[in-house]
Amino acid sequence: MSQVTFLGNPVEVAGVMPAVGSPAPAFTLTDGELHEKTLADFSGKKKILNIFPSLDTPTCAQSVRSFNEQAGGRPDTVVLCISADLPFAQGRFCGAEGLDNVITLSTFRHPEFLRDYGVLLADGALAHLAARAVIVLDEHDQVRYVQLVPEIADEPDYAAALAALG
């Protein structure tokens, strides 16, 4: 298990994050139309997995806005914003914010993603949600960058994630 903090309080994180250089674990998540999406559905594209607890928090919302602006316009890249929020809430947020360069995906039907990617908050106030993390995959689904953000209330390192895209 890893450990992060939430507002300074220690929180255990279950699972093991994929290592840089390894193949990304396969996944299935639910999109805004309630369809199942798999890692293979994004084949041939570089991928930023922006993983976070909920769009109902300022930091999570800002990460979606920032990646939408900074990486969303790249034709070779998809930004996948992954949380436990229901697809309806994800769609409302992106619609209200005018964010159309990201794809929101929900873990609500597939909580195994959280453990498979090493981001399951095992205890604390946000137990069973995702820790804040960014994982960058190349077009062959090889892991190129991993960040488990040490304090859930902090934003990820956008520059490092973008640099990993090459």
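Parameters at a glance
- Residues numbered from 1 in each chain as written.
- Predicted model: local features only at pLDDT ≥ 70, side-chain atom pairs only at ≥ 80, totals over all residues.
- Heavy atoms only, no water.
- Helix = DSSP H or I, 4+ residues; strand = E, 2+ residues; numbered from the N terminus.
- Rg over C-alpha atoms; globule rule 2.2 N^0.38 Å.
- Buried < 20%, exposed > 50% of the residue type's maximum accessible area, 1.4 Å probe, protein only.
- Contact = heavy atoms within 4.5 Å.
- Lys, Arg positive; Asp, Glu negative; His and termini not counted.
- Charge placed at Lys NZ, Arg CZ, Asp CG, Glu CD.
- Polar contact = N/O pair within 3.5 Å; in protein donor to acceptor, adjacent residues only side chain to side chain.
- Salt bridge = Lys/Arg side-chain N within 4 Å of Asp/Glu carboxyl O.
- Pairing = 2+ DSSP bridges.
- Phe/Tyr/Trp six-rings, centres within 6.5 Å; stacked < 30°, edge-to-face > 60°.

## Let's talk about the overall build of the chain
- Counting its regular elements, the chain contains four helices and 10 strands.
- Starting at the N terminus and ending at the C terminus, the chain contains elements arranged as β-β-β-β-β-α-β-α-β-α-β-β-β-α.
- Its C-alpha atoms give the chain a radius of gyration of 14 Å, within 12% of the compact-globule value 15 Å for 166 residues.
- Principal axes of the C-alpha set define a box for the chain whose edges measure 40 × 35 × 30 Å.
- A buried classification covers 49% of the 166 residues belonging to the chain.
- Considering only contacts within the chain whose residues lie at least 6 apart along the sequence, 67% involve residues at least 24 apart.
- Averaged over its 11 positive side-chain charges, the chain has a centre that lies 5 Å from the centre of its 21 negative ones.

## A look at the side chain of asparagine 50
- Here asparagine 50 lies in strand 5 (residues 46-51).
- Look at asparagine 50 and you get buried, because its relative accessible area is 0%.
- Among the polar contacts listed, one links the side chain of asparagine 50 to the side chain of serine 63, at a separation of 3.1 Å.
- Residues within four places of asparagine 50 in sequence aside, it is in contact with Ser63, Val64, Phe67, Leu80, Cys81, Ile82, Ala133 and Val134.

## A look at the pattern of salt bridges
- Enumeration according to the criterion identifies six salt bridges in this entry.
- Put simply, glutamate 36 and arginine 109 hold a salt bridge, and the shortest N to O gap is 2.3 Å. On the criterion of sequence distance, the pair formed by glutamate 36 in strand 4 (residues 36-38) and arginine 109 in the loop between strand 7 (103-106) and helix 3 (112-116) is long-range, its members being 73 residues apart.
- The partner of aspartate 141 in a salt bridge is lysine 47, and the shortest N-O contact between them spans 2.9 Å. Of this pair, aspartate 141 sits in the loop between strand 9 (133-137) and strand 10 (143-148) while lysine 47 sits in strand 5, and the two are 94 residues apart along the sequence.
- Several salt bridges converge on common partners, so that one network encompasses Lys46, Arg74 and Asp76.

## Brief notes about the sheet that holds strand 2 (residues 9-14)
- Across the sheet, three strands lie side by side as 1-2-8; this open sheet has antiparallel pairing. Among the strands making up the open sheet, the edge pair consists of strand 1 (2-6) and strand 8 (120-121).
- Bridge count between strand 1 and strand 2: five bridges; the pairing is antiparallel. Note that in strand 2 the partner of serine 2 across the bridge is valine 13.

## Considering the packing of aromatic side chains
- Considering all chains together, one arrives at four aromatic pairs under this definition.
- With a centroid separation of 6.0 Å and 70° between ring planes, the pair formed by phenylalanine 27 and tyrosine 117 is classed as edge-to-face. Here phenylalanine 27 is found in the loop between strand 2 and strand 3 (28-30), whereas its partner tyrosine 117 is found in the loop between helix 3 and strand 8, with 90 residues between them in sequence.
- Owing to a relative accessible area of 6%, phenylalanine 27 belongs among the buried residues under this scheme.
- Note on phenylalanine 113 and tyrosine 117: the rings are 4.5 Å apart at their centroids and 20° apart in plane angle, and the pair reads as stacked. No difference in accessibility class separates phenylalanine 113 from tyrosine 117, as the two residues are buried.
- Taken together, the aromatic side chains of Phe27, Phe113 and Tyr117 make up a single cluster linked through ring pairs.

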